[in-house]
Structure formats: structure tokens, C-alpha cells
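Fold and geometry: a report
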Amino acid sequence: MKVLFYGNALDYTNGDRFFDAKDCASIRGLIDELCNYYGEKLKDFLLGEETCFFLVNGKGLMMTGGLDTKIHPDDRIEVLPFAEAG
């Protein structure tokens, strides 16, 4: 599955915009794989309150099952940071 990072999420991925995940059954498993690759600071960003949200094939996790959302090899996962009020 293809993971796409946007905005300040790139600060936690060494500037990588894309990540090809392997065998993840859920968003929770994907987060583990991403953190194993990029480090624990990414976990704080991904799971922090009001830091970012995920889209799976264009749908937010609130509509798909939260962190337990099942994902498949052909899915597109987007990691979008919340915009800060300026």
C-alpha cells in the first residue's frame, strides 16, 4: 500500500513524501511499521491529539473504524497534518 505524507508530516519522515508499506492489516499495524522505519518521534506525531489525521482511499478514519481500520495492499493512505490557526 502507498502512504503519502503532507505538510509538516515530512519533518518526521526525513522529507520522504511516499512510503510503500508491506504487510499491515490495519492502520494500527501501519503506524508500527512507519515508526520502526522512521523512529518513535513519528509515533508521537501520528497519535498526538490534533496533530494529524489519516485518509484511507479518501475516507477519514471516523468513517472506517479508527485505528483498527482494515487496510489492503492496493489502498492509498494519506497522512495530513492539521492546519494551525494563524
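We now turn to the structure provided with this report.

Bringing helix H1 (residues 27–38) into the picture now. With twelve residues, H1 should reach 16 Å at 1.5 Å per residue; the first-to-last C-alpha distance of 16 Å fits that figure. Residues of H1 that are buried: Ile27, Leu30, Ile31, Glu33, Leu34, Cys35 and Tyr38. Where H1 is buried, its residues contact strand S1 (2–5), strand S2 (18–20), helix H2 (40–47), strand S3 (52–56) and strand S5 (76–81). A positive backbone phi angle near 110° is found at Gly39, which sits one or two residues after H1.

As a further point, take the side chain of Thr13. Relative to the assigned elements, Thr13 resides in the loop between S1 and S2. The class for Thr13 is buried, based on a relative accessible area of 0%. If we ignore the near neighbours within four places in the chain, the residues touching Thr13 are Phe5 and Tyr38.

Moving on: the nonpolar core. Counting residues in hydrophobic clusters, the biggest one holds 24 residues, and the most contacted among them are Phe5, Ile27, Leu30, Leu46, Ile77 and Val79. Sorting the residues of this core by element identifies S1, H1, H2, S3 and S5 as the ones contributing at least two each. Ranked by the residues each element gives to this core, the list is headed by H1, at six residues. Setting aside residues no more than four positions away along its own chain, Leu30 makes contact with Val3, Ala21, Cys24, Ile71 and Ile77.

Burial runs high along S5: five of the six residues are buried. Strand direction decides the pairing type here: S1 and S5, joined by four bridges, are parallel. From the neighbouring strand, Phe5 faces S5, where its bridge partner is Val79. Inspection of the sheet shows S3 paired to S5 by five bridges, in the antiparallel sense. Across the sheet, residue Phe53 finds its bridge partner in S5, namely Leu80.

About the criteria used
- Residues numbered from 1 in each chain as written.
- Predicted model: local features only at pLDDT ≥ 70, side-chain atom pairs only at ≥ 80, totals over all residues.
- Heavy atoms only, no water.
- Helix = DSSP H or I, 4+ residues; strand = E, 2+ residues; numbered from the N terminus.
- Expected span 1.5 Å × (residues − 1).
- Buried < 20%, exposed > 50% of the residue type's maximum accessible area, 1.4 Å probe, protein only.
- Contact = heavy atoms within 4.5 Å.
- Core = buried A, V, L, I, M, F, W, Y, C linked by side-chain atoms within 4.5 Å.
- Pairing = 2+ DSSP bridges.

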